[in-house]
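Structural characterization, general
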Amino acid sequence: MAALRAGSSLLMQSRAMAGAIRCSSTEASPSVVRVAAVAGSLRKASFNQGLVRAAIEISKDIPGLEIEHIKIDQLPFVNTDLEVGGGFPEAVEEFRAQVLRADSVLFASPEYNYSMSGVLKNAIDWASRSPNCWADKPAAIMSAGGGFGGGRSQYHLRQTGVFLDLHFINKPELFVKAFEPPAKFDGEGNLIHEDTRERIKALLIALQKWTQRLQGVCE
Ligand SMILES: Cc1cc2nc3c(=O)[nH]c(=O)nc-3n(C[C@H](O)[C@H](O)[C@H](O)COP(=O)(O)O)c2cc1C
């Protein structure tokens, strides 16, 4: 019993220390967290782009959170021959700058053959070229797809993030089963499912808090 009490007191001490490291009372109040949202599908009625549009709408009700949808449709295929004199093609430079400007990243990742889509991996690869634009960014993932709601793409994306030093939140996870009733999206890929909106909101709040925690800013 005494050992148990000692153990739980140690746990509380270490939590308090972690809090002290990350969250000093002398820190300034939290500034706006700017999120870059990247959707891994190019099709017009994409469900994953619909998740990003919904996230942007929802963020307007979350004080201190701003989301910008950064597009990947103009990026060429990764080819290091296109890197000339230390520079990148114009669309790549723009994309890399948008990633760098953001405090954190929100991925909407469709599942293609049990992994992330080629266009998303292509975008990630461009911004990974030195200096790695993803380094130290807090991140979150949502996905819409078949039976697992895109889940397998998320796990591959997390694995890629290990090498890139992306810091993903673990929970909440957000897998949207797009082909199972009730309908989640209309014919244009707009989210029409209230429960999913609530889950996106919870994901965004978790990403905002995680970003502030990594920035050393108190809630
Ligand atoms: C090449 C390709 C591979 C796919 N592989 C999978 C898969 O492995 N698992 C799955 O659940 N859905 C798979 N799908 C279905 C997509 O996940 C589904 O069409 C999803 O809606 C695509 O995202 P989007 O609506 O944002 O375009 C695949 C679709 C394509 C085009």
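Check the entry above for the structure.
Because the structure is a prediction, the values reported are computed rather than measured.

A word on the overall build of the chain. Summing up its helical and strand segments, the chain has 6 helices and 8 strands in all. Ordered by position from the N terminus, the helices and strands of the chain form the series α-β-α-β-α-β-β-β-α-β-α-β-β-α. Expressed as a percentage of its 219 residues, the buried residues of the chain come to 36%. Here the analysis covers contacts within the chain between residues at least 6 apart in sequence; of these, 78% occur between residues at least 24 apart.

Time to look at the site of the ligand. The immediate surroundings of the ligand are formed by 14 residues, with S41, N48, P110, G145 and G146 found nearest. Mapped by element, the contributors of at least two residues to the shell around the ligand are α2 (47-59) and β4 (111-112). Of the residues contributing to the shell around the ligand, the split by class is 5 nonpolar, 7 polar and 2 charged.

Another point: the environment of P89. Within the element layout of this structure, P89 appears in the loop between β2 (65-69) and α3 (90-101). Note on P89: 16 C-beta atoms within 10 Å, which makes it partly exposed. Distance from P89 to L75, taken between C-alpha atoms, is 8.5 Å for residues 14 residues apart in sequence. The residues touching P89, leaving out its near neighbours within four places in the chain, are P76 and L82.

This part takes up the pairing of strand β3 (residues 104-108). Counting buried positions over the 5 residues of β3 gives 5, a clear majority of the element. Sheet analysis places strand β1 (residues 33-39) next to β3, joined by 5 bridges and oriented parallel. Within β3, the position partnered with A39 by the bridge is A108.

A separate point is α2. The end-to-end C-alpha distance of α2, which contains 13 residues, comes to 18 Å, matching closely the 18 Å that a straight helix rising 1.5 Å per residue would cover. For α2, the full list of buried residues reads F47, N48, Q49, G50, L51, V52, A54, A55 and S59. At its buried positions, α2 is contacted by β1, β2, β3, β6 (138-145), β8 (175-177) and α6 (194-215).

Moving on: the nonpolar core. Of all hydrophobic cores here, the largest spans 48 residues; its most connected members are V35, A37, V38, L51, A55, V105 and L106. Looking at this core element by element, the count peaks at 6 residues for β1. In this structure, L51 is in contact with A108, M142, A144, V176, L191 and I200, ignoring residues within four places of it in sequence.

Take the packing of α2 against α6 next. Interaxial distance between α2 and α6 falls to 10 Å at its minimum, and their mutual angle equals 70°. Between α2 and α6, the crossing angle belongs to the class labelled roughly perpendicular. In the packing of α2 onto α6, the handedness of the crossing is right-handed. Within the contact between the two elements, α2 uses L51, A54, A55, I58 and S59 and α6 uses R197, I200, K201 and L204.

Analysis parameters
- Residues numbered from 1 in each chain as written.
- Predicted model: local features only at pLDDT ≥ 70, side-chain atom pairs only at ≥ 80, totals over all residues.
- Helix = DSSP H or I, 4+ residues; strand = E, 2+ residues; numbered from the N terminus.
- Buried ≥ 20, exposed ≤ 12 C-beta atoms within 10 Å, placed from the backbone.
- Contact = placed C-beta atoms within 7 Å.
- Near = placed C-beta within 6 Å.
- Nonpolar A, V, L, I, M, F, W, Y, C, P; charged D, E, K, R; others polar.
- Pairing = 2+ DSSP bridges.
- Expected span 1.5 Å × (residues − 1).
- Core = buried A, V, L, I, M, F, W, Y, C linked by C-beta atoms within 7 Å.
- Axes fitted to C-alpha atoms, helices over the stretch in contact; angles between N-to-C directions.
- Parallel < 35°, antiparallel > 145°, perpendicular 65-115°, else oblique.
- Left-handed = near helix turned anticlockwise from the far one by under 90°.

Keep in mind these numbers describe shape, not what the thing actually does.
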